[in-house]
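Listed here are the chains, written in short residue letters.
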Amino acid sequence: MALVQNFPFITIVFSLTCGVLCAVLPGRGAKRLCLGWLALTTAMSGAVLRFTLTTDGSFLYRMGKWGAPFGNELRVGVLEALMATAFSGVMLLSLLGGMRHIFADCEPGKVNLYFTMCALLMSSLFALIYTNDLFTAYVFVEINTIASCALVMLRSSDRTLVATTRYLIMSLLGSGLFLLGIVTLYGITGELLLESIAEKVQALFAAGQYSLPLTVIIGFFSVGLAVKSALFPFHSWLPDAHGSATPSSSAILSGLVLKGYIIVLIKIFYRVFGLEIIVSEQVSRFLLLFGVLAMLVGSVNALRERDLKRLLAYSSVAQVGYIYVGIGLHSELGMVAACVQILAHALTKPMLFICAGGFMDVSGGHKDLAAITGAGLRDPLGGAAFSVGALSMMGIPFFAGFVTKLELARGALEAGPVTLGITFAALAVSTLLNALYYIPIVFNLYTRPRDGAWAGVRQRYHWEYAAALAAFIALNLGFGMGSDWVVGAIRRGLALFGM
Amino acid sequence: MGFLLLLPILFPLAAALALCLRPLRAQRRRRAFTVAALALELGLTALCAALAGGTLPLLPLAEGLCVTFGIDGLGRIFSLLVAFMWLLSGVFTQEYMADREHLGRYHVFLFLTEGALMCLCLAANYLTLYLGFELMTLCSLPLALHTQTGPARRGGYKYLFYSVFGACLGLLGFYTVHTYGRGTAFAPGGVLDPAKVAGHEGFVAAAAFLAVVGFGAKAGLFPLHAWLPAAHPEAPAGASALLSGVITKGGVLCVIRVVYYQFGAAFLRGTWVQYAWLALALVTVLLGSMLAYQEKLFKKRLAYSTVSQAAYILFGLALLQPTAFAGAILHVVVHSAIKDGLFFTAGAVIEKTGQTDVRALRGVGRAMPFTMGCYTVLSLGLIGIPPLGGFASKWLLAEGSLASGIPVFGWLGPAVLLVSALLTAGYLFPITVSAFLPGADLDGTSAPPLEPGPWITLPLAVLTALTVLTGLFPGPLADAAAAIAAALC
Amino acid sequence: MKPNGFLAALVRFAESGEFREESYALPRAGKTALDLDTPENRWLAAAQHAEKPAAARFAAWFARRGMAVFDSLYRVLSVLICCTLIGVLLAVVCFLPPFGSAENPTVNEVVERYVCHTVDETGATNAVAGMISAYRGFDTLGEAHVLFVAACSVIVLLRVDAGARGRRRPDPAQTGRDMEYEPNGDLILRRVAGLLVPLAFLFGLYVVLNGTSSPGGGFSGGALMGAGLILHAVAFGFERTERFFGDAVYHLVKTACLAAYALLMAYFIYMGANGLDDHVWLGIPGTILSGGLILPINLAVGLEVACTMYCFYALFRKGGL
C-alpha cells in the first residue's frame, strides 16, 4: 500500500487533532496552525487525486485490522479526491479572505475556537466525502451540524443567536430523520457498510419484501438531507444564518457545508440503492420539482432583498436547486451536472461573500445595497472579483457557471420531453433572474455615491484578502476555460462511484 | 492570416483599456483620441475584410466547444457596417455630449461594445456568436442608462431583461444544434445531421423558433419588443443611434446565422416555424408603425419606427428566398444609415431646442435648415421613395415575397409593407412639414440660428449622402447580398 | 394571542442584553398587533421600499393581519405534520421484523463475529466495549469529538470573558441571577458530600477501568466522575473546586485525552490498514489489563466526558470555569 493511500485517513483524524489543539492555543497561534494544516491537507488531497488519476481506480482503505463488514472503511476514488482537494482549498481561501473580519467579529478570547470549528468542519467534510459506512456518516454529520452552528454563532449579536437557533433546530430535525433512516435500514438489512447494504437491498427489492419500509427509508434520507442542505421548501433557515454570520463563515457554510450533505445523498442514491430503484420510487421526480422551485423561489426572493449578504444567501438557495435538478434528472449526465455545479458553486459563492466583507470594510460596516454604492471604486480588487462572480452566476461563457448550464442542458436533453421542457424553462428564467439582481449590484458598485459618502476611503489590502480573491478569480476562470479536464475526471469518478 | 481576424476585436478593447488607465480629461485630447481610434478601427476592419480568410480557433472551452473566429461575405458586410456607424456616432457624440458628465465612462463602454459587436460579426460558430451576443448586451447597458435617472435605469434594466431572456432562448438553440448537428461551426445550408434529427423534428423546429424569437428580441420582434421604446428615449442620442441602428442589426445577424448557417433554410422551409415567424414579423411591422404614428415623443417615435423597420428585415429573412434575402441585407445597411441619421437629427434638435415633443417643433426648419433638410431626405429614404436607398430594399423584399410562393404571406407581405410605408410617411413627414411650413402665425424671420456645429452636421451629411448613393447605385451591395443568398437558400 | 413560547423568550433574551445590532429587528412570531409606527418594523420598511402601491398595500395588510393568519395555520399544520410523521413511523414499525427473533436480518455473520470472537481478537470480554472501541473505533473517535465540539460551542455561547467587548458580568443583585452564589456552608450537605464525592470518583474510575470486562467503559464512567465533580462544586463551592480543577486543568486534560485518543487510534488504523502488526498486547481477558488499546482509550474518553460534564455545569452556572 502506497503512502499516498493513507492520506485520506490522515486528513480526517489529524484535522480532528488540529481542532483540539487550536482550542488551547491563543488566537494568532490557532490561526497559523489551522491555516498551515489546511494547506497541508490540500496538498495531501491533491496527491491522492493524482494517485487515483494515474492508477485509474478507486481503492478501499480499511480503518483498522478488520475490513468490511466488521470494521470501518473508506472508499477513495477520483471523484472523492477531487471534491476533497477542492473543498480543502476553498476553505483555506475563505479563511484567508475573511481573516480580518474573523478577528473583528469574534470575541478576542474565542477566536481560537473559530479555528477549532473550522478544523473540525474540515475533518467532517473529508469524512463525509470518503466514508463507506452509514453510521460514520451520521457521526460526522453531527460534528458538521454543531460546528457549522458554532461558526454562525461566533459572531456575537442578537441576530446570529436567533439565526443559529433556527438553524440548529432544523438541522437536528434533518439529522433525526437521517438517523431514523439508518436505523430502519439496519433493522431490515443488518449491515452498515454501503456495499453490503446494497447487496441486501437488491435482494429485498427483487423479492418484494419490506417494500413500505424501503420507500419510507428513501423518503427519510431524502427529506433529512434535503432539510440540511436547504432545498426548497426547507430553506427558511438559510438566509438568516448565512446572512448574519461573519463573511468567512458564510462562505464556508454556503460553499462547502451544504455540499457535504448532498454528497452523502448522492452516495446513498448511487451505492446503497442504485439508480434503477431510485427511479422506480419516483423520488427523483420530487427532487427535480423541488430543485426547479428552489431555482425560482430563491431568485425571486433575492430580488426583493436589500441586504447584500441575505441576497447572496438566497442566491445560494437557487444554486442548490441546480444541484437537485441535476440529481433529479436521474441519469449519469445529470449526476455529472450535479457534481460540476457542486464544484462551480463552491468556487464562486465564497468569493462573493468575501467580497461582501471587503465592501463592508469600505462602507463603514454597512452591507445594505444602498450603502455599498461605489464600493467597487474604493476596493478595485473586490469589485473585480464580485463582477467575475456575478458573470459566473449568470452563466457567461469563460466562467464557471457556464459549464454548469452546459452540463445540465446536456443531461436534460437525454431525458423525456416534459423534463426537458421544465428544466430548460427553469434554467432560462433562473438565468434571467440572476442577471436581474446581480447586474444592478455590479453597476451600483461602480457608481459614485451622490452624496459623496466614504469618498476618500480606500481598501487597505492585507495580503490575505488580496491573495484569496486573486486565487478565487484564477480558479473560477480556470474552471470556466479548462472545464474539459474537470468534467472528464468527474465522469471517470462517477463511473467508479457506482462499483 | 488568421490573426488579422483578432485585430478588429482586440483593438477597441485595447482602446477601452487605455482610456480606463489614462482617462483623458482635456476635451481636445479625448476628441482626437476617440476619432483617431474609431477611424483606425474602420481601417483595421477594412483590412481584415479584404485580406483575412479562414478560421481562427482561439480558446477551447470544453470538448467540441471552441471560441472560433472567421470571416465570410456576411461577416464582411456587417463588420464594415459596425465600424463605419461607430465612427460616425463617435464623431457625433463629441459635440452632442460635450458638456455632459461621465464622458470617460461613456467612451470606455463605447469601445467595449464595438469590440463585442466585432466578436459577434466575426464569429465562426454558435458559441462565439452567443458569447458576442451576451457581451454586447452587457457592454451596451451602461450606454443605455448613461444618464442614470429613474426612467433611464428602468429602461436600461428592461433592455437587460429582454436581452438576457432572448439570449437564454438562443442558448436553447445552441444546445439543440450541438446535440442534433454535426458540430456548431457555421456552414451555409445548416449543420443538422438528418440521422440524429429523425424522430425529433418537432423539438428541433421548436428550438429553432425559440432561437429566432430570442435573438429577434434584440431586433425588436414582437412580443419581445417592449424594451426599445423604454430604453431609447432615455439614452443619449449617440447611444440611441447605435442601439437602433447597429445593435439591432447584431440581433439580425444572429438570426441569419442561426437560421441559415445552423438549422438550414431547407429544414425550416414550409414548416410552422416559417409561418409563425412570418406572422410575427408582419404583426411587428404593423404594430411598430401604428404605435409610432400615435406617439408624440420624438425619440420614442423613432424607437417604434425601428421596431417596424427591423421587422421588415426579419420578414425578408423569413421568406427563405434569395431575392428577399438580398433585400433584407440591403435594408440592413440602408436602415442602419437612415435610422442613425434620424437619431442624430433628433438628438441635435432636442439638444438645441430643448423640446422632446414633435408638436413643439414647429418652425424649427427655419432655425436649423441643414439638419431638417437632412431629416427630410432621410425620411424620404425610409418611406421608400425612389431614387433613395429605402426603395431598392423594399422593392427587393416585395419581389422576393411574391416570388416565394408561400400561400398567404406571399401577397400579404407586400400589402402590409405598403400600408406600413404609408404609416411611415404619416409619422415622419408631418415633422418636416411643420418644421419648414409652420403656418402663417409663426414669424420665422426672427428665429435664432440653432444649427449645430460641424461635428454633428458632418456625420449627418455623410449618412444622407449614403442614403442617396445606395438608392442610385444599389447594384454592388445587392449583388454581394445575392451572391451570399445563392449559397444559403 | 399567546406568543410562541420558546422563540419569543429567546428573542427577549437576545434583545435584552448588550448584543443589539443596529438596523435589524426581528418580527416576533405570535404577535398580532404590530406597531407600524416603529421604524424598525421590517415589513413597514419593505412597504416603504416598495415602488408599487399594490405591494405596499399587501405588505401593510400582512403586517396587520397576516401574522395572525400565519399563527393559526401554524398550530394546525404543526400538529398535522407531527401526527403524519408518527403515523408513518408506526406504519413502518408494523412491517419491521419482530424484536429479538432469531431470523432477523440483523442476526448475521457480523453479529456472530462480534459475539464469538471479541475475546481473542480484541482481548475484551465485554463485547460491547470491543465493538465500539476496536471494531468500530473510528466511530467512537468521532463521537468523542462530537462531545468536544458541543462543549466548545457552549463555551462560545456562554463563557463570559473578562473585559470582553460588549459584555460585562451582570450584577447578581440587579438581575436576580445567582451566578456568583456560593454555598453558605450547609453542614449536612458538606458532610454527606465529603463521603459521596470520593466514592463517586472511585466508582467512576472503577467503571472506566473495568469497561473491558464488565458493563461500563469510558462514557458511563466518565459521566460518574463528572457527577462527582459537579457534586463537589455544588457542596463546597466553585472556589474550592477550582483549586484542583480550573480552567487550565480542564483544557490540559481535555486536549491531552483527545490527542492521546486520536494518536492511539491513528496508530491502530494505520497499522491495520497497511497490513502491519501493531504489537499491541491484548492482555489477560477478564482482568483490568485487558483489551489492548481499549483500556487507554476508555481512560481517555472517561476523563474527557468528566471534563465535559463539569464544563457544561460550570458554564451554565457562572459563565466560565
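Read on for a plain summary of the structure. (Residues numbered from 1 in each chain as written. Chains lettered and ligands numbered in written order. Predicted model: local features only at pLDDT ≥ 70, side-chain atom pairs only at ≥ 80, totals over all residues. Heavy atoms only, no water.)

Summing up its helical and strand segments, chain A has 21 helices and 2 strands in all. Here the C-alpha radius of gyration of chain A, 22 Å, is about what a compact globule of 499 residues would show, namely 23 Å. When the backbone C-alpha atoms are referred to their principal axes, chain A occupies close to 75 × 55 × 45 Å. Among the 499 residues that make up chain A, the fraction classed as buried is 73%. The contacts in chain A between residues at least 6 apart in sequence include a share of 81% that link residues at least 24 apart. (Helix = DSSP H or I, 4+ residues; strand = E, 2+ residues; numbered from the N terminus. Rg over C-alpha atoms; globule rule 2.2 N^0.38 Å. Buried < 20%, exposed > 50% of the residue type's maximum accessible area, 1.4 Å probe, protein only. Contact = heavy atoms within 4.5 Å.)

Residue and element names in this part refer to chain B. As a packed pair, helix 2 (residues 27-51) and helix 4 (residues 103-121) sit with axes 12 Å apart at the nearest point and diverge in direction by 5°. In terms of axis orientation, helix 2 runs roughly parallel to helix 4. Along the contact surface, helix 2 presents Arg30, Phe33, Thr34, Ala37, Leu38, Glu41 and Thr45, while helix 4 presents Leu103, His107, Phe111, Glu114 and Met118. A breakdown of the residues in the contact of helix 2 with helix 4 according to their chemical character gives 6 nonpolar, 3 polar and 3 charged. (Axes fitted to C-alpha atoms, helices over the stretch in contact; angles between N-to-C directions. Parallel < 35°, antiparallel > 145°, perpendicular 65-115°, else oblique. Nonpolar A, V, L, I, M, F, W, Y, C, P; charged D, E, K, R; others polar.)

Across the contact, 69 residues belong to chain C and 74 residues belong to chain A. Buried area between chain C and chain A, summed over both chains or domains, comes out near 6400 Å², and the portion from carbon and sulfur atoms is 69%. Counting the contacts that link chain C with chain A gives 11 residue pairs in polar contact (both at pLDDT 80 or more). With 15 residues, the top contributor of residues to the side of chain C that touches chain A is helix 6 (residues 137-158) of chain C. Looking at side-chain class alone, the side of chain C that touches chain A contains 42 nonpolar, 12 polar and 15 charged residues. (Buried area = accessible area lost by both parts, 1.4 Å probe. Polar contact = N/O pair within 3.5 Å; in protein donor to acceptor, adjacent residues only side chain to side chain.)

Next up on the list: the side chain of Gln341(A). Mapping Gln341(A) onto the fold places it in helix 15 (residues 332-362). Not counting residues within four places of it along the chain, the set of residues in contact with Gln341(A) comprises Gln319(A), Tyr322(A), Ile323(A), Ala346(A) and Thr404(A).

Let's shift gears to the state of the cysteines. When the sulfur atoms of two cysteines share a covalent bond, that bond is a disulfide. Taken as a whole and assessed by the stated rule, the structure comprises 0 disulfides over all chains. Just so you know, Cys311(C) is unpaired, no disulfide at all, and the nearest cysteine sulfur is the one on Cys152(C), 8.1 Å from it. (Disulfide = S-S within 2.5 Å.)

All names here are of chain A. Relative to the helices and strands, Leu253 resides in helix 11 (residues 247-273). The exposure class of Leu253 is buried, given its relative accessible area of 1%. Put simply, Leu253 and Gly36 are 217 residues apart on the chain and 21 Å apart in space, counted from C-alpha to C-alpha. For Leu253, the residues in contact, after removing those within four places along its chain, are Ser148, Val152, Tyr167, His242 and Leu258.

Here we take up the nonpolar core. A general trend in soluble globular proteins is that nonpolar side chains are found buried together. Residue and element names in this part refer to chain A. Within the largest apolar cluster, 432 residues are counted, with the highest numbers of intra-cluster contacts made by Leu95 and Phe273. Sort the elements by how many residues they give to this core and helix 15 lands first, with 19 residues. When neighbours within four sequence positions are excluded, Leu95 is seen to be in contact with Cys34, Leu35, Leu38, Ile102, Tyr114, Cys118, Ser248 and Ile252. (Core = buried A, V, L, I, M, F, W, Y, C linked by side-chain atoms within 4.5 Å.)

The next subject is unusual backbone geometry. Excluding glycine, residues mostly carry a negative phi; peptide bonds, for their part, are mostly trans. With an omega of 0°, the peptide bond between Phe232(A) and Pro233(A) qualifies as cis. Along the chain, Pro233(A) turns up in the loop between helix 9 (211-228) and helix 10 (237-244). In this chain, Pro386(B) is followed by Pro387(B) through a cis amide linkage whose omega measures 0°. Inspection of the secondary structure assignment puts Pro387(B) in the loop between helix 16 (369-383) and helix 17 (389-404). The backbone of Ala230(A) sits at a positive phi, close to 60°, despite the residue not being glycine. Checked against the element boundaries, Ala230(A) lands in the loop between helix 9 and helix 10. According to the relative accessible area criterion, Ala230(A) is buried, its value standing at 0%. Backbone geometry at Phe398(A) places phi at a positive 85°, although glycine is not the residue there. When you line up the elements, Phe398(A) lands in the loop between helix 17 (380-394) and helix 18 (400-414).

Moving on, we come to the interface of chain B and chain A. The extent of an interface is frequently quoted as the accessible surface area lost upon association of the parts. Tallying the contact residues gives 30 residues for chain B and 29 residues for chain A. Across the chain B/chain A interface, buried area totals approximately 2700 Å², and carbon plus sulfur atoms make up 77% of it. In terms of surface lost to chain A, no three residues of chain B exceed Leu61(B), Tyr157(B) and Tyr175(B), which account for 22% of the buried area on that side. Taken together, the connections running from chain B to chain A amount to 0 salt bridges. Linking chain B to chain A there are 1 residue pair in polar contact (both at pLDDT 80 or more). Counting only elements with at least two residues in the side of chain B that touches chain A, the list comes to strand 1 (55-62), strand 2 (65-70), helix 5 (126-144) and helix 6 (150-180) of chain B. When residues in the side of chain B that touches chain A are grouped by element, the largest group, 13 residues, is from helix 6 of chain B. The class makeup of the residues in the side of chain B that touches chain A is 24 nonpolar, 3 polar and 3 charged. (Salt bridge = Lys/Arg side-chain N within 4 Å of Asp/Glu carboxyl O.)

Looking now at empty space enclosed by the protein. The gaps left among the atoms become clear once a water-sized probe is rolled over them. Residue and element names in this part refer to chain C. Following the criterion strictly, the structure yields 8 cavities of 30 Å³ or more and no others. A volume near 130 Å³ is recorded for the largest cavity. For the largest cavity, the lining is made up of 17 residues, of which Ala134, Phe268, Gly291, Leu293 and Ile294 are closest to its centre. Among the elements of the structure, helix 4 (109-122), helix 5 (127-135), helix 11 (247-273) and helix 12 (294-318) are those that each provide at least two residues to the lining of the largest cavity. For the lining of the largest cavity, a count of residues per class yields 10 nonpolar, 4 polar and 3 charged. (1 Å grid on protein atoms, 1.4 Å probe; cavity = no way out; pocket = protein on both sides within 12 Å on 5 of 7 lines; lining within 4 Å. Points joined across faces, edges and corners; volume = space filled by probe spheres on them.)

With that settled, consider helix 2 (residues 27-55) of chain A. For helix 2 of chain A, built from 29 residues, the straight-helix expectation of 42 Å at 1.5 Å per residue is met to within 8% by its first-to-last C-alpha distance of 42 Å. Following helix 2 of chain A by one or two positions, Asp56(A) has its phi on the positive side, about 55°. (Expected span 1.5 Å × (residues − 1).)

What follows deals with the pattern of salt bridges. All names here are of chain A. Here the structure, examined in full by the defined rule, presents 21 salt bridges over all chains. Here Asp361 and Arg100 are joined by a salt bridge, their closest N and O atoms 2.9 Å apart. Of this pair, Asp361 sits in helix 15 while Arg100 sits in helix 4 (residues 99-105), and the two are 261 residues apart along the sequence. Since its relative accessible area comes to 29%, Asp361 is described here as partly exposed. By relative accessible area, which is 33% here, Arg100 ends up partly exposed.

The next thing to look at is the packing of aromatic side chains. What characterises a pair of aromatic rings is the spacing of the ring centres plus the angle enclosed by the ring planes. Counted under the stated rule, the structure contains 40 aromatic pairs over all chains. Between Phe161(B) and Tyr162(B), the aromatic rings sit 6.0 Å apart at their centres with planes inclined by 70°, giving edge-to-face as the arrangement. According to the relative accessible area criterion, Phe161(B) is partly exposed, its value standing at 32%. Judged by its relative accessible area of 16%, Tyr162(B) is buried. Where Tyr114(C) meets Tyr135(C), the ring centres are 4.6 Å apart and the plane angle is 45°; that geometry is what we call tilted. Pair noted here: Tyr114(C) is in helix 4 and Tyr135(C) is in helix 5, with a separation of 21 residues, a long-range link. Here the aromatic residues Phe424(A), Tyr126(B), Phe133(B), Phe174(B), Tyr175(B) and Phe215(B) are joined through ring pairs into a cluster of three or more. Against the face of Phe133(B) rests Lys218(B), its NZ or CZ located 4.7 Å from the ring centre. (Phe/Tyr/Trp six-rings, centres within 6.5 Å; stacked < 30°, edge-to-face > 60°. Lys NZ or Arg CZ within 6 Å of the ring centre and 35° of its normal.)

Quick look at the packing of helix 15 of chain A against helix 21 (residues 483-497) of chain A now. Residue and element names in this part refer to chain A. Between helix 15 and helix 21, whose axes approach to 10 Å, the crossing angle comes to 125°. When the interaxial angle is binned, helix 15 and helix 21 end up oblique. Crossing of helix 15 against helix 21: the hand is right-handed. Note on element contacts: helix 21 touches helix 15 through Val486, Val487, Ile490, Arg491 and Leu494, opposite Glu332, Leu333, Met335, Val336, Cys339, Val340 and Leu343. (Left-handed = near helix turned anticlockwise from the far one by under 90°.)

Residues lying three or four places apart along an α-helix face the same way, a consequence of the helix completing one turn every 3.6 residues. All names here are of chain A. Look at helix 17: 21 Å from first C-alpha to last across 15 residues, which is about the 21 Å you get at 1.5 Å a residue. Counting buried positions along helix 17 yields 11 of 15 residues, so the element is predominantly enclosed. Within helix 17, burial applies to Gly382, Gly383, Ala385, Phe386, Ser387, Val388, Gly389, Ala390, Ser392, Met393 and Met394. Downstream of helix 17 by one or two residues, Gly395 has phi in the positive range, about 90°.

Another point: the pairing of strand 2 of chain B. Residue and element names in this part refer to chain B. A large share of strand 2 lies buried, amounting to 6 of its 6 residues. The alternating pattern of strand 2 places Leu65, Val67 and Phe69 and Cys66, Thr68 and Gly70 on opposite faces, both of which are buried. Sheet topology note: the strand 1/strand 2 ladder contains 6 bridges and is antiparallel. Paired with Ala62 across the bridge in strand 2 is Leu65. Counting the residues between successive antiparallel strands, the hairpin from strand 1 to strand 2 contains 2 residues, one of them, Gly64, with a positive phi of roughly 80°. (Pairing = 2+ DSSP bridges.)

On their own, these measurements won't tell you what the molecule is for.
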